Amino acid sequence: MKHLLSTADLAKDEAIELLDTAAQMAATQSREIKKLPTLRGRTVVNLFFEDSTRTRISFETAAKRLSADVINFSAKGSSVSKGESLKDTALTLHAMGADAVVVRHWASGAPYQLAHAGWLDAAVLNAGDGTHMHPTQALLDAYTIRRHLGGHGGGLRRGGDDGVGADLVGVKVAIVGDVLHSRVARANVWLLRTLGAEVTLVAPPTLLPIGVEAWPCRTSYDLDATLADWQPDAVMMLRVQRERMSGGAGAFFPSPLEYTRYFGLDARRLAVLPAHSIVMHPGPMNRGLEISAEAADSDRAVIVEQVANGVAVRMAALYLLLSGSTTPATEGTAL
Amino acid sequence: MTAGTGMPGTPDPRDVPEGTVVLGASDVARALTRIAHEIVERAKGAQDVVLLGIPTRGVTLAARLAQRLASIDPAFDPERDLGELDVTMYRDDLRRQPTRAVGVTRLPAAGIEGKTLVLVDDVLFSGRTIRAALDAIGDLGRPQAVRLACLVDRGHRELPIRPDFVGKNLPTAQSERVRVLLAEVDGTDAVVISGREPGAVVPGEGGER
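Conventions used here
- Residues numbered from 1 in each chain as written.
- Chains lettered and ligands numbered in written order.
- Predicted model: local features only at pLDDT ≥ 70, side-chain atom pairs only at ≥ 80, totals over all residues.
- UniProt positions renumbered as here; feature names shortened; annotations may be inferred.
- Helix = DSSP H or I, 4+ residues; strand = E, 2+ residues; numbered from the N terminus.
- Rg over C-alpha atoms; globule rule 2.2 N^0.38 Å.
- Buried ≥ 20, exposed ≤ 12 C-beta atoms within 10 Å, placed from the backbone.
- Contact = placed C-beta atoms within 7 Å.
- Core = buried A, V, L, I, M, F, W, Y, C linked by C-beta atoms within 7 Å.
- Domains from an automatic or database assignment.
- Arc of directions from axis to C-beta.
- Pairing = 2+ DSSP bridges.
- Axes fitted to C-alpha atoms, helices over the stretch in contact; angles between N-to-C directions.

Taking an unreviewed UniProt entry as the reference, chain B is identified by name as Bifunctional protein PyrR belonging to Krasilnikoviella flava. Within the UniProt record for chain B, the comment given under Catalytic activity (unreviewed entry) is "UMP + diphosphate = 5-phospho-alpha-D-ribose 1-diphosphate + uracil". Its UniProt record, at the heading Sequence similarities (unreviewed entry), says of chain B: "Belongs to the purine/pyrimidine phosphoribosyltransferase family. PyrR subfamily."

As recorded in an unreviewed UniProt entry, chain A goes by the name Aspartate carbamoyltransferase, listed as coming from Krasilnikoviella flava. Looking at chain A in UniProt, the text filed under Sequence similarities (unreviewed entry) is "Belongs to the aspartate/ornithine carbamoyltransferase superfamily. ATCase family." If you open the UniProt record of chain A and go to Pathway (unreviewed entry), you find "Pyrimidine metabolism; UMP biosynthesis via de novo pathway; (S)-dihydroorotate from bicarbonate: step 2/3."

(A) Representation of the overall build of chain A. Helix and strand counts for chain A come out as eleven helices and nine strands. In terms of overall dimensions, chain A is globule-like: its C-alpha atoms have a radius of gyration of 20 Å, near the 20 Å expected for 335 residues. In terms of its C-alpha atoms, chain A occupies a principal-axis envelope of roughly 55 × 50 × 40 Å. Residue burial in chain A is summarised as follows: out of 335 residues, 50% are buried. Of all intrachain contacts in chain A linking residues separated by at least 6 positions in sequence, the fraction that spans at least 24 positions is 74%.

(B) Geometry of the UniProt feature "domain: Phosphoribosyltransferase" (unreviewed entry) in chain B. The sites that carry the UniProt feature "domain: Phosphoribosyltransferase" (unreviewed entry) are, in the present numbering, residues 28-165 of chain B. Across residues 28-165 of chain B, the secondary structure splits into 33% helix and 20% strand, with the terminal C-alpha atoms separated by 14 Å.

(C) Inspection of the nonpolar core at higher detail. Counting residues in each nonpolar core, the largest one holds 161 residues, and the members touching the most others are Ala100(A), Val101(A), Val176(A), Leu318(A) and Leu119(B). Per-element accounting of this core gives the leading share, eleven residues, to helix H11 (residues 303-322) of chain A. Two domains share this core, each providing at least three of its residues, namely domain 1 (12-133 + 310-322) and domain 2 (135-307) of chain A. Not counting residues within four places of it along the chain, the set of residues in contact with Ala100(A) comprises Val44(A), Ala122(A), Ala123(A), Leu125(A), Leu318(A), Leu321(A) and Leu322(A).

(D) Broad picture of the UniProt feature "domain: Aspartate/ornithine carbamoyltransferase carbamoyl-P binding" (unreviewed entry) in chain A. Feature annotation in UniProt places "domain: Aspartate/ornithine carbamoyltransferase carbamoyl-P binding" (unreviewed entry) on residues 2-146 of chain A, given in this structure's numbering. The distance separating the terminal C-alpha atoms of residues 2-146 of chain A is 25 Å; by composition the span is 41% helix and 17% strand.

(E) Quick look at unusual backbone geometry. Residues and elements named next belong to chain A. The step from glycine 283 to proline 284 runs through a cis peptide bond, and the omega angle for that step is -10°. With respect to the secondary-structure elements, proline 284 resides in the loop between strand S9 (278-280) and helix H10 (293-296). Positive phi, close to 50°, is recorded for glutamine 231, a residue that is not glycine. Following the sequence through the fold, glutamine 231 ends up in the loop between helix H7 (223-230) and strand S8 (234-237).

(F) Expanded view of helix H3 (residues 86-96) of chain A. Residue and element names in this part refer to chain A. Turning to H3, its buried residues number three or more, namely Thr89, Ala90 and Leu93. Angularly, the buried residues of H3 cover 100° about the axis, an arc narrow enough to put them on a single face. Just downstream of H3, glycine 97 is the residue with a positive phi angle, here 80°.

(G) Molecular detail of the sheet that holds strand S7 (residues 177-181) of chain B. Residues and elements named next belong to chain B. Taking strand neighbours across the sheet as the criterion, the three strands line up as S1-S8-S7 in an open arrangement whose pairing is antiparallel. This sheet does not close on itself; its edge strands, each paired only once, are strand S1 (20-23) and S7. The sheet shows a mean angle of 30° between the axes of neighbouring strands, taken without regard to direction. Examined bridge by bridge, S1 and strand S8 (residues 190-194) share three bridges and lie antiparallel to one another. Bridge assignment links threonine 20 to a residue of S8, and that residue is isoleucine 193.

In structure tokens, the structure reads:
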């Protein structure tokens, strides 16, 4: 594996290796000295064309915990705001000797272009591109699900402590909300499918993309029925991405209150879920819109833990992309 | 850490494909018993001794040493004083090798602070694994002393590291490959050399095939 661009092209054994490596990385993060010398002397560039706090900080923390040098590059206040193209930015990074580029871009496919256009020879990690993919978020979600549901016996195969080595066969995950604009939903659908979990997308018809019937998952317009009849093991609430709704929220649903009534997770809906189920949210949350404060702060919510797991998963991704031999003979067999 | 190459020239008739057995099961057992006694003698008892095995064979060897230590000195508890130390993320050859999977590091609950820590590995070769292990220990705590036990010392050190407890000194050529087989992992106990140059003298008293 040279790049991490999409969860759709991750094989099952690659995904499980990533999650298992993340588990070992997480174990090192409870030590007094959290820093590992593994990527000493390597340079990781955080190339962010879109606002982000948690993903950038998470990648920065992960790279620093592995002793890599981190350069942060955000489009605002940089050469990009003066009109520099992606290609010229990439050539600049190449000239500076970046070993890995973590890229977030508003255009779907920008990380793919960066990885395959021949501008750079660095490993490219997609940190979210447009409405396409956000692989590390999906990996940290899968890691969190595996950690929590590893022992409940609801059909999940046990691998060992924290579910190391296990896949997600038999786990039911409901992904609720703004699927149309969500790269997190897309990344999760394919990764969870690869790992053997069943996924149901729950959203108003206006917030489901055209062609969703070709995705490897079920869809529903009715949250109450899905929670009551299907009894999901994990419920993933998506943020309503108002910044991507050009006409304001009104363009996709009549009113925020109506959205909350039909698709918001509150204490009443939480009570319908099985006792072992967990509540997830990729953040940042719109409290009161897609998730109520009671649901977000309940002991079923693993939202803060998702953030902590994000560092471990990103450490694993950086390790697996950067540590292997760079000779062409072994490239591609690295993961 | 053992780099094997193809056997040059005509095959040595002694060399069956699995190689030459230099230590048999009883030799391995005797060597481990002796090492256990040496550890207790050196530490003047076993109350502060902690064994850390280096994956993968080192972990198995450490577990066997722990049983022997417990039978010599009941102050040693194999449940409490045994751990494993994965050194992958401290290696200096990560960029030269295909990506390695990161293993488990499991320390005794009481930690390693102030203990006499004995690292256990199967084959001591360049010393680079031990260098990585010393760095890893430095990040985990400050033991009172760190000692090194290995079943086979095959020479060719690239760093100023030497073992405190050795099962068997085995002079080898750089091109040869030394493998420690253990019943728990491989189904049998043996130390095997393969890739030996034709006509080389086989050292040691181990049974040859």
